[in-house]
Amino acid sequence: MEEVKLMKGNEAIAHAAIRYGTDGYFGYPITPQSEIMETLMAEMPWKTTGMVVLQAESEIAAINMVYGGAGSGKRVMTSSSSPGISLKLEGISYIAGAELPCLIVNVMRGGPGLGTIQPSQADYFQTVKGGGHGDYRLITLAPYSVQEMADFVALGFDLAFRYANPAMILADGIIGQMMEKVILPPQRPRKTEEEIRWESPWAVQGKLKPNKVNVITSLELDPAVMEENNLRFQAKYRQIEASEVRYEEFLCEDAEYLLVAFGSSARMCRKAVELAREEGLQAGLLRPITLWPFSSKVLGAYAQKVKGILSVELNAGQMVEDVRLAVNGKVKVEHFGRLGGIVFTPNEILSALKEKIINP
Amino acid sequence: MKHEIEIIIAGFGGQGVLSMGKILAYSGLTEGKEVSWMPSYGPEQRGGTANVTVILSNNPISSPILNAYDVAIILNQPSLEKFESKVKPGGILLYDGYGIHGDIGRKDIRVYRVNAMDAATEMKNEKAFNMLILGGLLKIVPMVSLQSVLMGLKKSLPERHHKLIPMNEIAIRKGMEIVCAM
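Predicted model only: the values in this text are computed from it and were never measured.

Engineer: For this particular structure, what's the right way to read helix α6 (residues 146-163) of chain A?
Structural biologist: For an α-helix the count is 3.6 residues per turn, leaving residues at separations of three or four pointing the same way. All names here are of chain A. Between its terminal C-alpha atoms α6 stretches 26 Å, which fits the 26 Å expected from 18 residues at 1.5 Å a residue. The largest bend along α6 measures about 35° and falls at F152. Along α6, the residues classified as buried are V146, E148, M149, A150, F152, V153, L155, G156, F157, L159, A160 and F161. Immediately downstream of α6, the backbone of A164 shows phi near 45°, a positive value.

Engineer: Can you help me understand unusual backbone geometry in this one?
Structural biologist: Trans peptide bonds make up most of the peptide bonds, and negative phi angles are found at most residues other than glycine. All names here are of chain A. Here the bond from G111 into P112 is cis, since omega is 0°, no more than 30 degrees from zero. By secondary structure assignment, the location of P112 is in the loop between β5 (102-108) and α5 (124-128). Cis geometry marks the peptide bond from W292 to P293, where omega comes out at 0°. Take P293: it is sitting in the loop between β12 (290-292) and α11 (296-303).

Engineer: How should the environment of B:L138 be read in this particular structure?
Structural biologist: All names here are of chain B. If you trace the backbone, L138 turns up in helix α4 (residues 129-140). Linking L138 and V179, residues 41 residues apart in sequence, is a C-alpha distance of 9.9 Å. In this structure, L138 is in contact with L146, V149, I172 and M176, ignoring residues within four places of it in sequence.

Engineer: Looking at this structure, how should I read the interface of chain A and chain B?
Structural biologist: Accessible area lost when the parts come together is the quantity often used to give the size of an interface. Facing the 20 residues of chain A at the interface are 17 residues of chain B. Secondary-structure elements contributing two or more residues to the side of chain A that touches chain B are β1 (4-8), α7 (173-177), β8 (179-183), α10 (263-278) and α13 (346-358) of chain A. With five residues, α10(A) is the largest single contributor of residues to the side of chain A that touches chain B. Among the residues making up the side of chain A that touches chain B, the classes are represented as ten nonpolar, four polar and six charged. Bridging between β8(A) and strand β2 (residues 34-39) of chain B involves two bridges; their strand directions are antiparallel.

Engineer: What exactly am I supposed to notice about the domain arrangement of chain A here?
Structural biologist: All names here are of chain A. Examined at the domain level, chain A breaks down into domain 1 (4-193) and domain 2 (247-358). The C-alpha-based centres of domain 1 and domain 2 are spaced at 27 Å. Contacts between the two partners involve 25 residues from domain 1 and, on the opposite side, 20 residues from domain 2. Top element by residues in the side of domain 1 that touches domain 2 is α5. It accounts for four residues. Residues belonging to the side of domain 1 that touches domain 2 are distributed by class as follows: 15 nonpolar, seven polar and three charged.

Engineer: Please clarify how the sheet that holds β5(A) should be interpreted in this entry.
Structural biologist: Within a sheet, each strand pairs with its neighbour through backbone hydrogen bonds, oriented either parallel or antiparallel. Residue and element names in this part refer to chain A. Read across the open sheet, the seven strands follow the order β3-β2-β4-β5-β7-β6-β12; overall the sheet is mixed. The open sheet has two edge strands with one neighbour each: β3 (52-55) and β12. Taking each pair of neighbouring strands and ignoring which way they run, the sheet shows an average axis angle of 20°. As judged from the four bridges shared by strand β4 (residues 76-80) and β5, these two strands associate in the parallel manner. Residue pairing for β5: T78 is matched across the bridge by I104. Sitting on the sheet, helix α3 (residues 59-71) is in contact with β2 (24-27), β3, β4 and β5, with an inclination near 160° to β4. Running over the sheet, helix α4 (residues 82-97) touches β4, β5 and β7 (166-172) and is turned about 160° from β5.

Reading the values: rules and limits
- Residues numbered from 1 in each chain as written.
- Chains lettered and ligands numbered in written order.
- Predicted model: local features only at pLDDT ≥ 70, side-chain atom pairs only at ≥ 80, totals over all residues.
- Helix = DSSP H or I, 4+ residues; strand = E, 2+ residues; numbered from the N terminus.
- Expected span 1.5 Å × (residues − 1).
- Bend = angle between axes of the 7 residues up to and from the residue.
- Buried ≥ 20, exposed ≤ 12 C-beta atoms within 10 Å, placed from the backbone.
- Contact = placed C-beta atoms within 7 Å.
- Nonpolar A, V, L, I, M, F, W, Y, C, P; charged D, E, K, R; others polar.
- Pairing = 2+ DSSP bridges.
- Domains from an automatic or database assignment.
- Axes fitted to C-alpha atoms, helices over the stretch in contact; angles between N-to-C directions.

In structure tokens, the structure reads:
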């Protein structure tokens, strides 16, 4: 069995990336995620697996290196924090438009603007509602433990390649900076050129046959063809929504009051549920693991059973909109959040549940 | 002992607050416990206040961020002002006599002092400061064994610093001797 290790969420991502057999990481440092590249540089995977680790001259350069690497069928990734992700959005839209797989990590900090280096979840809209231009979607995974930071590297890459679509790990400064126990996945070999040719026949690998040309582009000047492309994207998105929703329920079975929270907020909510149960309040927690596709169906079902839902987020109320769409007016939905890098405690969440839902 | 212990360690950046928390976390790991280590991060390491929340538990840990603590280790005055009120009734506040001026107001908690700064100066080793505090903590709350702490030190220190472990052990034992109830 693999050894249990103690490490930061950011470090876990770096180790998991090497072990997944990632071909390349391209990044630019920014708090609170700099340990990802620092760990990769310290591990020197170019000496062992041959993985490229490169500090680009900017976030924009890094995402375009990812675009290029993805076009050649390689497992490539980048990471940043909120302001840096904003810079990458043009590239992300291009990658989505060219239907290429890659992994992007956002360890969120407080915004808007340069904001603060403290944790936040205020990039939910940016991540799941587009961010960049055009009708595209990002497969979004929200880890709530260091173990999930490690596990979601493989899951993110696998989903990205299954659907030829960029995937994002949406974490925040808490999950990035905290240390917990983690069991790392076993080391896998990097894909060979032969395997890439077989698994990703669209990849640009040089002119292999005289009459076969692969073209990677998001540009299409004929609107009729561009509409067809968009319809194909949408069909893919519907398929992802039907097959890839992931969530976790905590004491939901007999819950009268439901908390909905993702990532680090779900940790504080778990404690808040435990505190509520100690007081005899039947609270439960639904934790969306994929933020897109969203847990709409299961929330719709809970809307028939519970007396009220509180969406708990480190932002001014973003996921709450998707919760309201999911329950479609069947039950009261409120939001509780802290802003700008301030983190709520479990007691504050319990008080908010009482004030906004139980005894409004 | 109790199945979960929630600790805040708070002081100035450079006092070894985060590394002391890390050693506790590694010690817990050595004993097969669930652990979480949540630092305040950012400009602290350049001289501001720094703190870290460490939880050792026999069960999976829900929130790494807490309202109140079983143990507060307070190494400077601003941290006392911030965290004194957040010790659970019946909990423990451990402080360094050099860093704190004046009295601790709370009467519903147990208060201990380790004159770690003085002892470190006496040992001519300022870097022993946090290990003296850790010794004091382990004397009053033996949450992990000294053996596990020495294992934890081995795991959290880079190999080139392993020669310093015996000095750390001396400091921990000294801390155990000089901690006193207030």
